[in-house]
Amino acid sequence: MMESVKARAATAVAKSSDEYRRVVEEEEELDEAEWGRRTEARSRGRRRAERYVFTCALFASLNAILLGYDVGVMSGAIIYIQKDLHISEFQEEILVGCLSVISLLGSLSGGRTSDAIGRKWTMGLGAIIFQTGAVIMTFAPSFTVLMIGRLLAGVGIGFGAMISAVYIAEISPASARGTLTSLPEICINLGILLGYVSNYAFSGLSEHISWRVMLGVGILPSVFIGVALFVIPESPRWLMMEKRVPEARAVLLLISESEAEVDERLAEIEEAANIMKSVKSEDKAVWRELLNPSPAVRRMLYAGCGIQLFQQITGIDATVYYSPTIFRDAGIKSDQELLAATVAVGFAKTIFILVTIFLIDKVGRKPLLYVSTIGMTVCLFVLGIALTLQKHAMGLISPSVGIDLATFAVCGNVAFFSIGMGPICWVLSSEIFPIRLRAQASALGQVGGRVGSGLVSMSFLSMARAISVGGMFFVFGAISTVSVAFVYFCVPETKGKTLEQIEIMFEGGNGWKGGEVELEDTQHLIQGDKKSASLG
């Protein structure tokens, strides 16, 4: 009897144990299934957000095609404008170089405009102004009318070029911001290549028609920009500045992986925009703060304005605008051969920008800047040597070798530019300034670049006549050498940091030469700020 009871008890315990194990296993299976579903949902959300952000960034970058196309097409169109309108060398320099200077009006007013009407509608305004200028240039009967259209096109380009990078930086996650903010530079290169191809394609038309068709084709990209405005959303950071929180949250839901990420980004933006808390600097006017900067803002201005300046005074616009002049000095005679050589330059400039796209968020900004500035320096000196030998020491190298060496140096210069100085200039200028200063400071950062570009473009032919084309590239090579030191001392590494962490990094003022400020450093800074606030 006792044994049967024990046997029944043991059986019951065994059954209970089996039942318990079965329930646990079911719960574990349920947890694993639920975990798998959640993982898959997060993965789908991440892919959806990445696709949407990339689409928005690509559409916003279309503005940059306008700038690139104008730069590329004018290098060839000017040959036929000279013949048709009989303009002087001085008028040629003014026509080519004025775009860079006049685009300052668009850039500087674009910062205030984008704060008033929003980022995306500022891009639309820029496209409309450019279209107007392009139409006037296409049908210009004289140099005066051509200049009016050129000035309007410059203002429109200034609007679009300034705000595109700002918009992309404000919608991009930190992990992909470098890649996405490089898209405008890709579009500039694509626009330059299209301009070169347009020159070559329409070079067979009459002198009176060819340059008009070349310039008129530039209207097409601005039409696509108008369509894009109905696809892309407004910047969530601008919406937060306007205290339109529900709209900002709706946009963040489209560009974020999950609601948890939305809440986190919303809190970061809200704190940075000083909506929840009043901050002392909020009471300052933006321009007053920029003109009388704190040490942190001064470091930002050094980096942002300096890299824009060096991007241009190393001679990239002279290389692009006057590439036919350079190749003619190297020994190429035919107009069509000159334009064909410029197409090779356009391909080199466009292809190598892809290197940056794949590496900028993996390798970082500073390593690519070092490769870029050192490579440009070498190519500029080689180009100077090649052109000088062709002109003053024909016996040392054959004409064909001189042409090949000059072509290689020009292509190498634009390729190294596309690896670093070109795209990273846009990235840094759009990510290093705090939200309250970003639009205006980014516009101010372009002042040095636009002025430098204008001075180089409007003086290149005159200076080349005085010291030779080869001599000009020795000057550019010397300036490029200085740019290597600038990168070392003044440019920090911003890879993988949120816009808010970058602001904290500049306030700390360390990590420049090492190129990297660790997360622990920013945590110490945050803790230090909290302690200071509590003591205050």
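Given the structure is predicted, the values throughout are model-derived calculations rather than measurements.

Caption draft 1: Structural context of the overall build of the protein chain. In terms of regular secondary structure, the protein chain is built from 24 helices and zero strands. Looking at the protein chain residue by residue over its 536 residues, the buried ones come to 54%. Excluding contacts between residues fewer than 6 apart, the proportion of contacts in the protein chain whose partners are at least 24 apart in sequence is 81%. Summing over all exposed atoms, the protein chain offers an accessible surface of approximately 22800 Å²; the carbon and sulfur share of this is 66%.

Caption draft 2: Focus on the nonpolar core. Grouped together as the largest cluster of nonpolar side chains are 104 residues, with contacts concentrated most on I81, L146, F460 and F473. Top element by residues in this core is helix α2 (residues 62–85). It accounts for 15 residues. If we skip the residues at most four places from it in the chain, L146 touches I81, L85, L95, M137, A140, W211 and L215. Counting residues in hydrophobic clusters, the runner-up holds 29 residues, among them Y167, L180, L239 and I357.

Caption draft 3: The side chain of S457, seen in detail. Mapped onto the elements of the fold, S457 is located in helix α21 (residues 438–467). In this view, S457 contacts E93, V96, G97, D317, Y321 and Y322; residues no more than four positions away in its chain are not counted.

Caption draft 4: View of the environment of R237. By the secondary structure assignment, R237 is in helix α10 (residues 236–241). Judged by relative accessible area, R237 falls into the buried class, the value being 6%. Taking the C-alpha atoms as reference, R237 lies 8.0 Å from I171; in sequence the two are 66 residues apart. Residue contacts for R237: discarding those within four places in its chain leaves A169, E170, I269, I435, R438, L499 and E500.

Caption draft 5: Quick peek at the packing of helix α3 (residues 89–117) against helix α4 (residues 119–138). Where α3 contacts α4, the axes come no closer than 7 Å and their chain directions differ by 130°. Taken together, α3 and α4 sit at an angle that is classed as oblique. Considering the relative orientation of α3 and α4, their crossing is right-handed. Along its contact with α3, which presents G110, T113, S114, D115 and I117, the element α4 presents R119, W121, T122 and L125. Classifying every residue of the contact of α3 with α4 gives three nonpolar, four polar and two charged.

Caption draft 6: Seen up close, the packing of aromatic side chains. Scanning all chains against the criterion turns up eight aromatic pairs. The interplanar angle of 5° and the centroid separation of 6.5 Å between the aromatic rings of F460 and F476 together place this pair among those described as stacked. Linking F460 in helix α21 with F476 in helix α22 (residues 469–490), this pair joins segments that are 16 residues apart in sequence. For the pair shown, F460 and F476 are each scored as buried. An aromatic cluster is defined as three or more aromatic residues linked by ring pairs; in this entry it consists of Y322, F460, F473 and F476.

Caption draft 7: Helix α9 (residues 219–228), seen in detail. Of all the positions in α9, only P221, S222, I225 and A228 are classed as buried. The buried residues of α9 occupy an angular sector of 105° when projected down its axis, which confines them to one face. Facing away from the buried side of α9 by over 90 degrees, the exposed positions are L220 and V227.

Caption draft 8: Layout of a nonpolar patch on the surface. Among the surface-exposed residues, F347, I351, F352, L354, V355, F358, L359 and V363 lie close enough to one another that they form a single nonpolar patch of about 690 Å² accessible area. With respect to the helices and strands, the residue F352 is situated in helix α17 (residues 335–359).

Caption draft 9: Up close: the environment of A153. By the element assignment, A153 lies in helix α5 (residues 143–171). You can call A153 buried: its relative accessible area is 0%. C-alpha separation for the pair A153 and V135, spaced 18 residues apart in sequence, amounts to 9.4 Å.

Caption draft 10: The arrangement of the packing of α2 against α3 in detail. Running from N to C, α2 and α3 cross one another at 170°; their axes reach a closest spacing of 11 Å. Of the possible angle classes, the one that applies to α2 and α3 is roughly antiparallel. On α3, the residues that touch L67, D70, M74, I78, I81 and Q82 of α2 are E92, L95, V96 and L99. Of the residues in the contact of α2 with α3, the class split is seven nonpolar, one polar and two charged.

Caption draft 11: A look at the confidence of the model for the protein chain. Mean pLDDT over the protein chain stands at 78; residues scoring 70 or higher make up 81%. Of all the helices and strands in the protein chain, helix α24 (residues 519–535) carries the lowest mean pLDDT, 39, while α22 carries the highest, 92. The model gives residues 275–283 a pLDDT under 50, and that stretch makes ten contacts with residues more than four places away or in other chains. Considering only residues more than four positions removed or in separate chains, one finds that residues 513–536, a stretch of pLDDT under 50, has 20 contacts.

Reading the values: the criteria
Residues numbered from 1 in each chain as written. Predicted model: local features only at pLDDT ≥ 70, side-chain atom pairs only at ≥ 80, totals over all residues. Heavy atoms only, no water. Helix = DSSP H or I, 4+ residues; strand = E, 2+ residues; numbered from the N terminus. Buried < 20%, exposed > 50% of the residue type's maximum accessible area, 1.4 Å probe, protein only. Contact = heavy atoms within 4.5 Å. Areas by Shrake-Rupley, 256 points an atom, 1.4 Å probe, with all protein chains shown as cover. Core = buried A, V, L, I, M, F, W, Y, C linked by side-chain atoms within 4.5 Å. Axes fitted to C-alpha atoms, helices over the stretch in contact; angles between N-to-C directions. Parallel < 35°, antiparallel > 145°, perpendicular 65-115°, else oblique. Left-handed = near helix turned anticlockwise from the far one by under 90°. Nonpolar A, V, L, I, M, F, W, Y, C, P; charged D, E, K, R; others polar. Phe/Tyr/Trp six-rings, centres within 6.5 Å; stacked < 30°, edge-to-face > 60°. Arc of directions from axis to C-beta. Patch = residues over 30% accessible without salt bridge, like charges linked within 9 Å, V, L, I, M, F, W, Y side chains within 5 Å. Salt bridge = Lys/Arg side-chain N within 4 Å of Asp/Glu carboxyl O. pLDDT = per-residue confidence, 0-100.

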